[in-house]
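Chain and residue survey
As a plain string of letters, each chain reads:
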Amino acid sequence: MCGIVGFVGQKADALPFIFDGLKRLEYRGYDSAGIALALPQGIAIRKSKGKITLLESVLGSLPPGPCGIGHTRWATHGRPTDQNAHPHTDCHGEIATVHNGIIENFQELRAELIAAGHQFVSDTDTEVIPHLLEHYGGAQDLESAVRQAEMRLKGAYAFLAVSSHEPDKVVAVRRTSPLLIGLGKNENYLASDFSAFLAATRRAVAMENGDMAVVKPTTYQIWDAGGHLVDRPVIEVDWDIKQAERGGYPHFMLKEIMEQPEAWSDCLLGRLDGGRVVSSELGLSNELLSHVSRIQIVAAGTAYHAGLIGKAIIERVVRIPVAVDVASEYRYQEPVLEQGTLVIAISQSGETADTLACVRMAKEEGRVTYAVTNSVGSTLAREADAVVYTHAGPEIAVASTKAYTTQILVLSLLALALAQSRDMARPELVQMLRELPGLGHEVLERMDAVKTMAEKLANNHDVFYVGRGIDWALAMEGQLKLKEISYIHAEAYAAGELKHGTLALIEEGTPVVAIITESTLAEKTVSNILEVKARGGEVWGIVDEKLPSTLPIDHRIDIPMRSPLVSSVLAAIPLQLLAYWTAVTLGKDVDQPRNLAKSVTVE
Ligand code: M6R
């Protein structure tokens, strides 16, 4: 949670760079924002409660400088106020810090520092850092102070520090929360993720857990947790900045929904060969694939919903048992992880704290862990034994869309690779995967009806989503999308479960979104729809176009389904657009819904 940006260069242009970087990281949190420049006359700070646009209005009077740090906040300790906004400083305004994560022992440190005469002005855990640095002489020797302070801090965090006495360097620490060093020409950058400096460079170094770095305009040095100087590999991404911008769409979410066919092509690129999946492109050896006897998937939110579809696909294609758990629960369940279990962690950001905790737990048990992520250089990508990238490109909107559908595609590829390793290849499914991007465009062109549906849906307080099998998993994602951006109460049910209680909530006009892409289960779902209609419910269907036109549905969206084993991503599109247009109709902040953040790096 929270986004941090740092800049150190030879020209006095830290301010515009940091401000631009913060705008790109705003999806990580948008409760408040601030920038500090390290100037010889002292630290100059501007900060403001609310979104980056509010910060912009107070930046005008900030003098130019070559070194600085910035922060966009998602509040954990202390309400979103001007005072709690980062950066925070020491008592004399000579040191400034920005921080992402949590300092667990901040209360104890704060009491100790107050007793030693330090004055605190905020309620945050972060403020102990600059005071601790001051205590260790950080104004004159920031590097050494950071080393000493580091030994006192407990928690999962990343922070940047600058001193007005040393305006040629940013000192950075990474303990769990993500941090990258972007490599520029006569200037270097620091940020929580690539998008903050993508306009300047595609080359970066991902700091590892426990690393400390001193970054100057033309050099950087990294020490590991043991204090040894280390070389970390330079990574390069092929994203361009346009991919990280809105590309003319009113919202990132709409752009990301619309670019799904391209994202699917990128995800499949180089991974299909004739009627086979190129297993080596999935990061797992054939040997390992052939020995997997069980799969445990862990994930959160939308990634969990992708996992549910992955389970159905893998079990049906290759008959290996798959369990799917919400990471925040799984980590505390003392689970039994049998020999031969492959633990798959799905995460767009690769930074979700609970998902990472599950991976660490599985590794301790000696199980092979496999990351399905969109984020090159993320913690998950580096900590898991093997990784496969979804190649969805940067996903900026808080509501996940293209990351979700590419996660499903990767899980389909995995199912097919597992099958191949057991001489159970399914060339017809491989061919269907190839057709998906084209079909995706077709579905996107048919979506006007969804807008009309959304305008009607926006008048409701409660919406129900139902389906069976994979359609139930889709229903769960559909309701989450609607809830998180439109704030309308929505719930998903296995269609057959309605009559066990929820049917009591259906009354005249209650909207029920029914998903029927599993044509073999269509008849069963239709019976449940009839139960809904008998109680006055209004049914909105997202259905396989091959199903008869006589289905008892009030409003129908047809999907060109091939097989639910590979085509479920097509049905995700109307669900995403339904949520999107409903939120737009209601005038909600689509890309940055209230109370949420893109990446949840705290428990
Ligand atoms: O980065 P991750 O995929 O690990 O994130 C998991 C969830 O926080 C995320 O999917 C969340 O549910 C989205 N806001 C849903 O749109």
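Conventions and cut-offs
Residues numbered from 1 in each chain as written. Predicted model: local features only at pLDDT ≥ 70, side-chain atom pairs only at ≥ 80, totals over all residues. Heavy atoms only, no water. Buried < 20%, exposed > 50% of the residue type's maximum accessible area, 1.4 Å probe, protein only. Helix = DSSP H or I, 4+ residues; strand = E, 2+ residues; numbered from the N terminus. Arc of directions from axis to C-beta. Contact = heavy atoms within 4.5 Å. Phe/Tyr/Trp six-rings, centres within 6.5 Å; stacked < 30°, edge-to-face > 60°. Lys NZ or Arg CZ within 6 Å of the ring centre and 35° of its normal. Pairing = 2+ DSSP bridges. Axes fitted to C-alpha atoms, helices over the stretch in contact; angles between N-to-C directions. Core = buried A, V, L, I, M, F, W, Y, C linked by side-chain atoms within 4.5 Å. Patch = residues over 30% accessible without salt bridge, like charges linked within 9 Å, V, L, I, M, F, W, Y side chains within 5 Å. Areas by Shrake-Rupley, 256 points an atom, 1.4 Å probe, with all protein chains shown as cover. Salt bridge = Lys/Arg side-chain N within 4 Å of Asp/Glu carboxyl O. Lys, Arg positive; Asp, Glu negative; His and termini not counted. Charge placed at Lys NZ, Arg CZ, Asp CG, Glu CD. Near = heavy atom within 4 Å. Polar contact = N/O pair within 3.5 Å; in protein donor to acceptor, adjacent residues only side chain to side chain. Nonpolar A, V, L, I, M, F, W, Y, C, P; charged D, E, K, R; others polar. Domains from an automatic or database assignment. Expected span 1.5 Å × (residues − 1). Parallel < 35°, antiparallel > 145°, perpendicular 65-115°, else oblique.

**Description of helix α2 (residues 52–59)**
For α2, the set of buried residues is I52, L55 and L59. End-on, the buried residues of α2 take up no more than an arc of 50 degrees, which puts them together on one face. Every exposed residue of α2 that faces more than 90 degrees away from the buried side is listed here: T53 and S57. The inward-facing, buried residues of α2 contact α1 (14–25), β2 (32–39), β3 (42–49) and β4 (67–73).

**Let's talk about the side chain of T390**
Tracing the chain through its elements places T390 in the loop between β22 (386–389) and α13 (402–420). Since its relative accessible area comes to 1%, T390 is described here as buried. Beyond its immediate sequence surroundings of up to four residues, T390 is in contact with C267, V372, T373, N374, T406, Q407 and V410.

**Remarks on the packing of aromatic side chains**
Per the counting criterion, the structure on display carries eight aromatic pairs. Taken together, a centroid distance of 5.2 Å and an interplanar angle of 45 degrees make the contact between F7 and F17 tilted. On the criterion of sequence distance, the pair formed by F7 in strand β1 (residues 3–9) and F17 in helix α1 is long-range, its members being 10 residues apart. A residue is classified by how much of its surface remains accessible, and F17, at 14% relative accessible area, is buried. Here F464 and Y493 contribute two aromatic rings whose centre-to-centre distance is 6.4 Å and whose plane-to-plane angle is 40 degrees, an arrangement assigned as tilted. You can see F464 sitting in strand β23 (residues 462–467) and its partner Y493 sitting in strand β24 (residues 489–494), a full 29 residues away along the chain. Under the relative-accessibility criterion, F464 is labelled buried at 2%. Positioned above the aromatic ring of W223 is the side chain of R147, whose terminal nitrogen or guanidinium carbon lies 4.6 Å from the ring centre.

**Some thoughts on the pairing of strand β7 (residues 155–163)**
Taken across its nine residues, β7 has seven buried, putting it largely inside the fold. In the sheet, strand β6 (residues 95–103) pairs with β7 via nine bridges, with the strands oriented antiparallel. Bridge pairing in β7 links N100 to A158. Here β7 hands over to strand β8 (residues 170–175) after six residues, the two strands then running antiparallel side by side.

**Observations concerning the sheet that holds β24**
Across the sheet, five strands lie side by side as β24-β23-β25-β26-β27; this open sheet has parallel pairing. The strands lining the two open edges of the sheet, one partner per strand, are β24 and β27 (555–559). Pairwise comparison of adjacent strand axes, ignoring direction, gives a mean angle of 15 degrees for this sheet. Against the sheet, helix α17 (residues 522–534) touches β25 (511–516) and β26 (538–544), its axis set at about 170 degrees to β25.

**Observations regarding the nonpolar core**
Core analysis: the largest hydrophobic core is formed by 128 residues, its most contacted members being I35, I295, Y370 and Y465. The biggest single contributor to this core is helix α18 (residues 564–585), with 14 residues. Residue contacts for I295: discarding those within four places in its chain leaves I314, I320, P321, V322, A323, T341, L342, I344 and L418. Among the nonpolar cores identified, the runner-up in size contains 24 residues, and I103, F120, V173 and V214 belong to it.

**Concerning the sheet that holds β22**
Sheet strands associate in pairs through backbone hydrogen bonding, adopting either a parallel or an antiparallel arrangement. Spatially, five strands are ordered β19-β18-β20-β21-β22 in an open sheet, and the strand pairing comes out parallel. The outermost strands of the open sheet, each flanked by one partner alone, are β19 (322–326) and β22. Adjacent strand axes in the sheet meet at a mean angle of 20 degrees when their direction is disregarded. Direction of pairing for strand β18 (residues 294–299) relative to β19: parallel, over a ladder of five bridges.

**What about a negative patch on the surface?**
Together, D238, D240, E262 and D266 make up a negatively charged patch on the protein surface. You can see D266 is positioned in helix α7 (residues 260–268).

**Description of the pairing of β4**
Along β4, seven of the seven residues are buried, which leaves the element largely enclosed by surrounding structure. Neither face of β4 is exposed, since C67, I69, H71 and R73 on one face and G68, G70 and T72 on the opposite face are all buried. Two strands pair when backbone bridges link them, and β1 and β4 are joined in this way by six bridges, in the antiparallel orientation. Its bridge partner being in β4, G3 is matched across the sheet by T72.

**So, the site of the ligand**
Around the ligand, the surrounding shell holds 14 residues, and the nearest of these are S347, Q348, S349, T352 and E484. S347 has a polar side-chain atom sitting 2.5 Å from an oxygen atom of the ligand. Within the backbone of V398, one N or O atom sits 3.1 Å away from a nitrogen atom of the ligand. Protein chains shield 91% of the accessible area of the ligand, which is 410 Å² for the free molecule. Sorting the residues of the shell around the ligand by element identifies α9 (301–318) and α16 (470–486) as the ones contributing at least two each. Classifying every residue of the shell around the ligand gives five nonpolar, seven polar and two charged. Per-domain counts for the shell around the ligand show at least three residues from each of domain 2 (253–439) and domain 3 (446–585).

**A look at the domain arrangement of the protein**
Domains assigned within the protein are domain 1 (3–245), domain 2 (253–439) and domain 3 (446–585). The distance between the C-alpha centroids of domain 1 and domain 3 comes to 45 Å.

**Quick notes on helix α14 (residues 427–445)**
Taking 1.5 Å of rise per residue, the 19 residues of α14 would be expected to cover 27 Å, and the 28 Å separating its terminal C-alpha atoms lies within 8% of that figure. Those residues of α14 not exposed but buried are L429, V430, M432, L433, L436, P437, L439, G440, V443 and L444.

**Regarding the pattern of salt bridges**
Tallied over the full model, the rule gives 26 salt bridges. As a salt-bridge pair, K51 and D589 come within 2.1 Å of each other at their nearest N and O atoms. Taken together, the positions of K51 in the loop between β3 and α2 and D589 in the segment after α18 put the pair 538 residues apart, joining distant regions of the chain. For D589, a relative accessible area of 32% puts it in the partly exposed group. Ionic pairing is found between R316 and E518, a salt bridge with its closest N-O pair at 2.8 Å. A residue pair is termed long-range when its members are at least 10 positions apart, and R316 in helix α9 and E518 in the loop between β25 and α17 qualify at 202 residues. Residue R316 is classed as partly exposed on the basis of its relative accessible area, which comes to 35%.

**Some thoughts on the packing of α9 against α16**
Where α9 meets α16, the axes come as close as 9 Å, and the angle between the chain directions of the two elements is 170 degrees. In this view, α9 runs roughly antiparallel relative to α16, as classed from their interaxial angle. Judged by residue contacts, G301, T302, Y304, H305, L308, I309, A312, I313 and R316 of α9 engage I470, A473, L474, M476, E477, Q479, L480 and K481 from α16. Taken together, the residues that form the contact of α9 with α16 break down as 10 nonpolar, four polar and three charged.

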